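Reading the structure
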Amino acid sequence: MKKWMVLALCLALAGCAHQAKPEEKTTVSPGFPAETVPLDGDTSDPGGNYEICLRGHSEGITSGGLYPTQRVQIVDINTGEAKWEGLGGYRICARWSPDGRYVALSRMGRAWESITVVETETFREVDVTLPGGGSFPEYAFVEDMAWAKGTRNMEAGSLRFTLNPRSEEEEVREYRFYPDYHSGVLEGQTFAQTAEILGEYDFDHDGVLETARVETVWDPDEADSVFLYELRLSEDGEWLWGDDAHLAHAGYNAIFACGAEGKDYLLRYHPGMGMGYADYSYQLFSLNEVGEEVILKENGVEFDVNFYDPLQGNFDPAAISAFLQDVYGYLEHGTILLSTEGGVLATGGTGADFFRENDFFGLPEDESLWEQVLGDYADTARAEQAKLRG
């Protein structure tokens, strides 16, 4: 499978096969009586440019007492022009992406259901498949469908949907579809998804708790094929905020729940180190009512531990110690929500344990000694290199 995202671990985009929909012989009557199949979901896009219209109905076979819609259209509100048209069904659900770039349409027959994603610049379409490109099996109906906003590394949003169990032995199956439009071609790939509930917090300080959960997005057709981990916060069932993490070095991330000023805060901490050059930083933030990050405090320090190099750069024990004590003050009583630092997934542990496990210098419990320990580390490294150089 070809790699298709910017980060090193991201998987390949395979073109989604067209999903055949069985035809039913029916009698088409003009017009569309409102008491037949209603539209579930979003009538128009966020920008108010297009609306979903149901045209005609069939009076052949009913399902649940409903006649199926004959056609579904995406209509330009200003001109009345139908920009896209497809077959209808016994149930029609429309979900627009937050930026209005895509609309997902689920259409149900008597024994099948399909999801089609339409891109609203060129109105090209792609049928959503299961991981590996297979179509939805018979009697596998869509129970839930919603767009998730993008995150820092995954700027494009994704379509989340679940399929109902077809027997008592099966569980509800969750999936994530990532559309990809480039050079006039609309493609996409579907991954399986599992989730772990972590707890409840009030990161937007509105008195209503948000549910924190970590979702694992993976390809069941490939071994060790985790695409990404995503921390997701929802309030009253609605998506509020998310951030992602990857097992590859370029995608390391660590997010904690911390307390400050008597309130819940999120802490993003990255003790980055590569080729002996360190860039440690953190951001302590809350969320506003629409899920935007509101920074309370941020800090960082850079240093170089390449003491074998005669041109070795900055290593300031006082500055490094001050930063580490600063961030440890939040981590000490914090909880890991999601971390992939070191290429290892961690959820639910303590911030203090995380700090110790990622402590490059082996600092003692007594914080007052940290600056001295860091200074001794630098002096020892310089002396050893001086001996080696003769």
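Residues numbered from 1 in each chain as written. Predicted model: local features only at pLDDT ≥ 70, side-chain atom pairs only at ≥ 80, totals over all residues. Heavy atoms only, no water.

1. A word on helix H1 (residues 317–331)
The terminal C-alpha atoms of H1, which comprises 15 residues, lie 21 Å apart, in line with the 21 Å expected from a rise of 1.5 Å per residue. Turning to H1, its buried residues number three or more, namely Pro317, Ile320, Ser321, Phe323, Leu324, Asp326, Val327, Tyr328, Tyr330 and Leu331. In the core, the buried residues of H1 are packed alongside strand S17 (254–260), strand S18 (263–274), strand S19 (277–287), strand S20 (293–304), helix H2 (351–357) and helix H3 (370–388). A distance of 3.1 Å separates the backbone nitrogen of Ala318 from a side-chain oxygen at the start of H1, and that oxygen is part of Asp316. (Helix = DSSP H or I, 4+ residues; strand = E, 2+ residues; numbered from the N terminus. Expected span 1.5 Å × (residues − 1). Buried < 20%, exposed > 50% of the residue type's maximum accessible area, 1.4 Å probe, protein only. Contact = heavy atoms within 4.5 Å. Polar contact = N/O pair within 3.5 Å; in protein donor to acceptor, adjacent residues only side chain to side chain.)

2. What about the environment of Glu357?
By the element assignment, Glu357 lies in helix H2. Judged by relative accessible area, Glu357 falls into the exposed class, the value being 66%. Spatially, the C-alpha atom of Glu357 lies 9.9 Å from that of Glu341, the residues being 16 residues apart in sequence.

3. Some details on the layout of surface pockets
Reported here for the largest pocket is a volume of approximately 580 Å³. Taken together, 24 residues form the lining of the largest pocket, with Ala146, Arg160, Arg232, Gly237 and Trp239 sitting closest to its centre. Split by residue class, the lining of the largest pocket holds eight nonpolar, six polar and 10 charged. (1 Å grid on protein atoms, 1.4 Å probe; cavity = no way out; pocket = protein on both sides within 12 Å on 5 of 7 lines; lining within 4 Å. Points joined across faces, edges and corners; volume = space filled by probe spheres on them. Nonpolar A, V, L, I, M, F, W, Y, C, P; charged D, E, K, R; others polar.)

4. A few points about unusual backbone geometry
For His205, which is not glycine, the phi torsion reads 55° and is therefore positive. Structurally, the position occupied by His205 is in the loop between strand S13 (185–201) and strand S14 (210–218). Judged by its relative accessible area of 27%, His205 is partly exposed. Here Asp236, not a glycine, exhibits a phi torsion of approximately 55°, which is positive. Take Asp236: it is sitting in the loop between strand S15 (226–235) and strand S16 (238–245).

5. A short note on H3
Taking 1.5 Å as the rise per residue, H3 with 19 residues should run 27 Å; its terminal C-alpha atoms sit 27 Å apart, in good agreement. Of all the positions in H3, only Trp370, Leu374, Gly375, Ala378, Ala381 and Gln385 are classed as buried. Down the axis of H3, the smallest arc covering the buried residues is 140°, so these residues share one side. In H3, the exposed residues that point more than 90 degrees away from the buried face are Gln372 and Lys387. (Arc of directions from axis to C-beta.)

6. Brief notes about the nonpolar core
Phe256, Leu267, Tyr269, Phe303, Phe315 and Leu324 are the most contacted members of the largest nonpolar core, which has 33 residues in total. For this core, the elements supplying multiple residues, two or more each, are S17, S18, S19, S20, H1, H2 and H3. Considering each element in turn, this core owes the most residues, seven residues, to H1. Residues contacting Phe315, with those up to four places away along its chain left out, are Phe303, Asp304, Val305, Phe307, Ile320, Phe361, Leu374, Tyr377, Ala378 and Arg382. Of all hydrophobic cores here, the second largest spans 20 residues; its members include Val117, Val126, Ala140 and Leu159. (Core = buried A, V, L, I, M, F, W, Y, C linked by side-chain atoms within 4.5 Å.)

Honestly, it's all geometry; don't read function into it.
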